[in-house]
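If you want the building blocks of each chain, they are given just below.
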Amino acid sequence: VYTKDLLQPKLDVVNSSSVSSTASTTITGFTPGAINLGSGITGWVSLGVTDSKTITRIHNSFAFTVEGMTQLDASANEYYEYAIGVFVDDVLVVVRKYHKQKEDFTCSWNKFILNGVVNNLSIGNHSIKVMARNISSSSNLATQKIVYAGTATRSDGGTCDNMSSFLAKISLNTTVVESIN
């Protein structure tokens, strides 16, 4: 009779999980400039979507998909740009910039999807963070805000009614495969 303890060393180990944002995040102002893989969290803001992984084998792959929504707060007819990054142990491992074309109405929104794979993480515990960085907008005002995973304010001060917290939610789906050799 084979038990789990006897079989596990002979098979690949697969671990999948999902986490979602529980609240919106609003980032004020813009941080233009170069974004480099391998850099730290300076200039980035956590979106409240975190996970942890324990790696037990040298040969492994960590694959993920992050998706969610953004809205430019209190604006009309403006474009905006932002970046979404995934950090492992506070090191940027995957990043993508997004650009929302300007539209002649308030409450403009943008959906983002980011996929990535990181191979051969070291054995041990690892923290995973989804973070964002505002890059620019038509006005580039220091007081301009981008709302992540939530509802923005209309340019006339009312609440945008074309987005809900459920629709805007940010989710992180992960799969770790640890190979036997």
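Residues numbered from 1 in each chain as written. Predicted model: local features only at pLDDT ≥ 70, side-chain atom pairs only at ≥ 80, totals over all residues. Heavy atoms only, no water.

## A word on the overall build of the chain
Phase 1 of the analysis: For the chain, the helix and strand inventory stands at 2 helices and 10 strands.
Phase 2 of the analysis: Overall size of the chain, expressed as C-alpha extent along the three principal axes, is 70 × 35 × 20 Å.
Phase 3 of the analysis: For the chain, restricting intrachain contacts to residue pairs at least 6 apart in sequence, the fraction spanning at least 24 positions comes to 83%.
Phase 4 of the analysis: Accessible area of the chain: about 9,400 Å², with a carbon and sulfur share of 51%.
Phase 5 of the analysis: Placing the 14 positive and 14 negative side-chain charges of the chain at their respective mean positions leaves the two points 3 Å apart. (Helix = DSSP H or I, 4+ residues; strand = E, 2+ residues; numbered from the N terminus. Contact = heavy atoms within 4.5 Å. Areas by Shrake-Rupley, 256 points an atom, 1.4 Å probe, with all protein chains shown as cover. Lys, Arg positive; Asp, Glu negative; His and termini not counted. Charge placed at Lys NZ, Arg CZ, Asp CG, Glu CD.)

## Here we look at the environment of Arg154
Phase 1 of the analysis: Residue position: Arg154 is located in the loop between strand E9 (145-148) and helix H2 (165-168).
Phase 2 of the analysis: Owing to a relative accessible area of 29%, Arg154 belongs among the partly exposed residues under this scheme.
Phase 3 of the analysis: Leave out the neighbours within four places in its chain, and Arg154 touches Ala74, Thr106, Cys107, Thr159 and Cys160. (Buried < 20%, exposed > 50% of the residue type's maximum accessible area, 1.4 Å probe, protein only.)

## A look at the sheet that holds strand E6 (residues 91-100)
Phase 1 of the analysis: Spatially, 4 strands are ordered E3-E8-E5-E6 in an open sheet, and the strand pairing comes out antiparallel. With partners counted over all chains shown, the strands left at the sheet margins are strand E3 (45-55) and E6, one partner each. When the angles between neighbouring strand axes are averaged without regard to direction, this sheet yields 15°.
Phase 2 of the analysis: Sheet topology note: the strand E5 (residues 80-88)/strand E8 (residues 124-137) ladder contains 9 bridges and is antiparallel. By the bridge assignment, Val88 is partnered in E8 with Ile128. (Pairing = 2+ DSSP bridges. Axes fitted to C-alpha atoms, helices over the stretch in contact; angles between N-to-C directions.)

## Overview of the side chain of Arg57
Phase 1 of the analysis: Inspection of the secondary structure puts Arg57 in the loop between E3 and strand E4 (60-72).
Phase 2 of the analysis: Although Arg57 is buried, it makes no salt bridge; Asp12 carries the closest opposite charge, 4.7 Å away.
Phase 3 of the analysis: A distance of 2.7 Å separates a polar side-chain atom of Arg57 from the backbone oxygen of Leu11.
Phase 4 of the analysis: Setting aside residues up to four positions removed in sequence, Arg57 forms contacts with Gln8, Pro9, Leu11, Asp12, Val13, Ile123, Glu178, Ser179 and Ile180. (Salt bridge = Lys/Arg side-chain N within 4 Å of Asp/Glu carboxyl O. Polar contact = N/O pair within 3.5 Å; in protein donor to acceptor, adjacent residues only side chain to side chain.)

## Notes on the nonpolar core
Phase 1 of the analysis: Formed by 29 residues in total, the largest nonpolar core has its most connected members in Phe62, Phe64, Val66, Tyr82, Ile84, Tyr148 and Ile170.
Phase 2 of the analysis: With 5 residues, the top contributor of residues to this core is E5.
Phase 3 of the analysis: Ignoring sequence-local partners within four residues, the contact set of Phe64 consists of Val86, Val94, Leu114, Asn115, Gly116, Val117, Val118, Leu172, Asn173 and Thr174.
Phase 4 of the analysis: Formed by 7 residues, the second largest nonpolar core is a distinct cluster that contains Trp44, Phe87, Leu92 and Met131. (Core = buried A, V, L, I, M, F, W, Y, C linked by side-chain atoms within 4.5 Å.)

## Some remarks on the pairing of strand E7 (residues 109-119)
Phase 1 of the analysis: Because side chains alternate across E7, one face comprises the buried residues Asn110, Phe112, Leu114, Gly116 and Val118, and the other comprises Trp109, Lys111, Ile113, Asn115, Val117 and Asn119, none of which is buried.
Phase 2 of the analysis: Bridge count for E4 against E7 is 11 bridges, and the pairing is antiparallel. Paired with Phe62 across the bridge in E7 is Val118.

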